[in-house]
Amino acid sequence: QVQLVESGGGLVQAGGSLRLSCAASGSTLRINAMGWYRQAPGKQRDLVALITSGGSTNYANPMKGRITISRDNAKNTVYLQMSGLKPEDTAVYYCYGSIDAGRGERNYWGQGTQVTVSS
């Protein structure tokens, strides 16, 4: 069984910074892409950023230039450093992992961490 556990969300003023972390545990035979999605109330879940096991990154436009995604493969952990936060960045941020737990590659999600940016 695979678990993704996020941490680091919270309340921050506009212009502030937050760092999210997500650790994968369990039967993580091979972890391929990891990343972050977000979902604001009444909206669909959208990509924020992805990073492959080799370190290639992909950033979605809304936060590009204000975020940096990184990972520590030894710790099975992915990070999202966010700065210049705006009220429209308020959402639940979900960790994502494309993981082979022994039965082929599957998509896994964390439980989500709330990020609230006040104006």
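Definitions and limits used
Each residue is numbered by its place in its chain's sequence as written, counting from 1. Residues qualify for local features only when their pLDDT is at least 70, as the model is predicted, and side-chain atom pairs are given and counted only at 80 or more; totals for whole chains, interfaces and linings, by contrast, use all residues. Only heavy atoms go into the side-chain values, all of them from the structure, while hydrogens and water stay out. The definition of a nonpolar core used throughout is a set of buried Ala, Val, Leu, Ile, Met, Phe, Trp, Tyr and Cys residues joined through side-chain atoms within 4.5 Å. Each residue's exposure class comes from its accessible area (1.4 Å probe, protein chains only) as a fraction of the maximum for that residue type: buried when under 20%, exposed when over 50%, partly exposed otherwise. Strands here mean DSSP runs of E at least two residues long; helices mean DSSP runs of H or I at least four residues long; both are numbered from the N terminus. Salt bridges are defined as contacts in which a side-chain nitrogen from Lys or Arg sits within 4 Å of a carboxyl oxygen from Asp or Glu.

Enquirer: Would you mind showing me how to read the nonpolar core here?
Expert: Looking at soluble globular proteins, one finds that nonpolar side chains tend to be buried together. Leu 4, Trp 36, Val 48, Val 78, Leu 80, Met 82 and Tyr 93 are the most contacted members of the largest nonpolar core, which has 27 residues in total. Contributing elements (two or more residues each) for this core: strand 1 (2-7), strand 3 (18-26), strand 4 (30-39), strand 5 (46-51), strand 7 (67-72), strand 8 (77-82), strand 9 (91-100) and strand 11 (113-118).

Enquirer: How should the pattern of salt bridges be read in this particular structure?
Expert: A side chain with one charge can pair with a side chain of the opposite charge if their charged atoms come near. A full pass over the atoms with the stated rule returns three salt bridges. Arg 38 is the partner of Asp 89 in a salt bridge, and the nearest nitrogen-oxygen pair spans 2.9 Å. Of the two residues, Asp 89 sits in the loop between strand 8 and strand 9 while Arg 38 sits in strand 4, which places them 51 residues apart along the sequence. In this structure, Asp 89 and Arg 38 share a single accessibility class: buried. Between Asp 89 and Arg 66 there is a salt bridge, with the nearest N and O atoms lying 2.7 Å from each other. Remark: Arg 66 occurs in the loop between strand 6 (57-59) and strand 7 and Asp 89 occurs in the loop between strand 8 and strand 9; sequence separation between them is 23 residues. Owing to a relative accessible area of 1%, Asp 89 belongs among the buried residues under this scheme. Its relative accessible area of 13% is what places Arg 66 among the buried residues.

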